[in-house]
Amino acid sequence: MVILINNSHKLTYIVITIIILLGIYIFCSETYISYELDYQINAMIKNHDIKEMKKVSDNKKIYLFLVHLNKNDSCKNTSDYQGGDKNIYLYGTEIKGKAIGVDMKKENNFYWKVDKLYFTER
C-alpha cells in the first residue's frame, strides 16, 4: 500500500515531527529536571507543606529554615546537573540567599522528585 502525500501536507508532517522531537528532548533532558526541582520546591514553600518539608529535609536545621520561609520566597539560580548516579541527580539552588543542595530522585522513566534538601557551602 502506498500513501501519497501532497506537498502542503508534507510541510505539516515535518513541523509536527519537529515539535514532537523537541518535546521529547525537553521532557527527557536535564532542563526538565531542574524545572521540576524549582516547581516542586516553590509549591512546597507556597503551600507551606510542612509534611513535605519534613520529608525532604536532611536535618533539623534545614527543616526549621524551610518552615520559617515566607510563602513568597522561591528558588533562584538553580544549577545544571552537578553529578550523581542514574537514579539520583545532584543540583544546587538558592533560597533566601542560602545555598541549598538538592537530590532529585528518579521515580520512573519520566518523573523526578525532590528527595533531599540540605545546606551547602558556596
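Just above sits the structure.
The structure reproduced in this document is the subject of the present report. (Residues numbered from 1 in each chain as written. Predicted model: local features only at pLDDT ≥ 70, side-chain atom pairs only at ≥ 80, totals over all residues. Heavy atoms only, no water.)

### Some words on the side chain of serine 79
This is how it is decided: What counts as a helix is a DSSP run of H or I of at least four residues, what counts as a strand is a run of E of at least two, and both are numbered from the N terminus. Three labels apply to residues, based on accessible area from a 1.4 Å probe with only protein chains included: buried if under 20% of the type maximum, exposed if over 50%, partly exposed otherwise in between. Contacts are residue-level and defined by heavy atoms, with any inter-residue pair within 4.5 Å sufficient.
Here serine 79 lies in the loop between strand S1 (75–76) and strand S2 (88–95). Judged by relative accessible area, serine 79 falls into the buried class, the value being 17%. Those residues in contact with serine 79, other than ones at most four positions away along the chain, are Ser34, Tyr91 and Gly92.

### Concerning the pattern of salt bridges
Put simply, the rule is: One side-chain nitrogen of Lys or Arg within 4 Å of one carboxyl oxygen of Asp or Glu is enough to make a salt bridge.
Taken as a whole and judged by the stated rule, the model has four salt bridges. Ionic pairing is found between lysine 116 and aspartate 58, a salt bridge with its closest N-O pair at 4.0 Å. Placement of lysine 116 in strand S4 (residues 112–119) and of aspartate 58 in the loop between helix H3 (50–56) and helix H4 (60–67) is noted, with a sequence separation of 58 residues between them. Classification of lysine 116 as partly exposed rests on a relative accessible area of 29%. A salt bridge links lysine 116 to aspartate 103, with the shortest nitrogen-to-oxygen separation between them at 3.8 Å. Of this pair, lysine 116 sits in strand S4 while aspartate 103 sits in strand S3 (residues 98–106); the two residues are 13 residues apart in sequence, bridging distant segments of the chain.

### Regarding the packing of aromatic side chains
Heads up, the condition is: Working definition: rings of Phe, Tyr and Trp (its six-membered ring) pair if their centres are within 6.5 Å, and the pair is stacked with planes under 30 degrees apart, edge-to-face with planes over 60 apart, and tilted otherwise.
Enumeration according to the criterion identifies five aromatic pairs in this entry. Ring geometry for phenylalanine 65 and phenylalanine 119: centres 5.4 Å apart, planes at 65°, overall edge-to-face. In this pair, phenylalanine 65 is assigned in helix H4 and phenylalanine 119 in strand S4, connecting sequence segments 54 residues apart. Given the relative accessible area of 15%, phenylalanine 65 is considered buried. We classify phenylalanine 119 as partly exposed; its relative accessible area is 29%. The structure contains a cluster of three or more aromatic residues connected by ring pairs, namely Tyr81, Tyr89, Tyr91 and Trp112.

### Notes on the environment of glutamate 36
Stated formally: Pairs of N or O atoms within 3.5 Å make up the polar contacts considered here, provided that, within protein, one atom can donate a hydrogen while the other can accept it, and that residues adjacent in sequence are counted only when both atoms are side-chain atoms.
Along the chain, glutamate 36 falls in helix H2 (residues 30–46). Its relative accessible area of 11% is what places glutamate 36 among the buried residues. The spacing of glutamate 36 and tryptophan 112 is 76 residues in sequence and 7.1 Å in space, taken between C-alpha atoms. If near-sequence neighbours (up to four positions away) are discounted, glutamate 36 is found in contact with Met104, Tyr111 and Trp112. Within the structure, glutamate 36 has its side chain in polar contact with the side chain of glutamine 40 (distance 2.8 Å).

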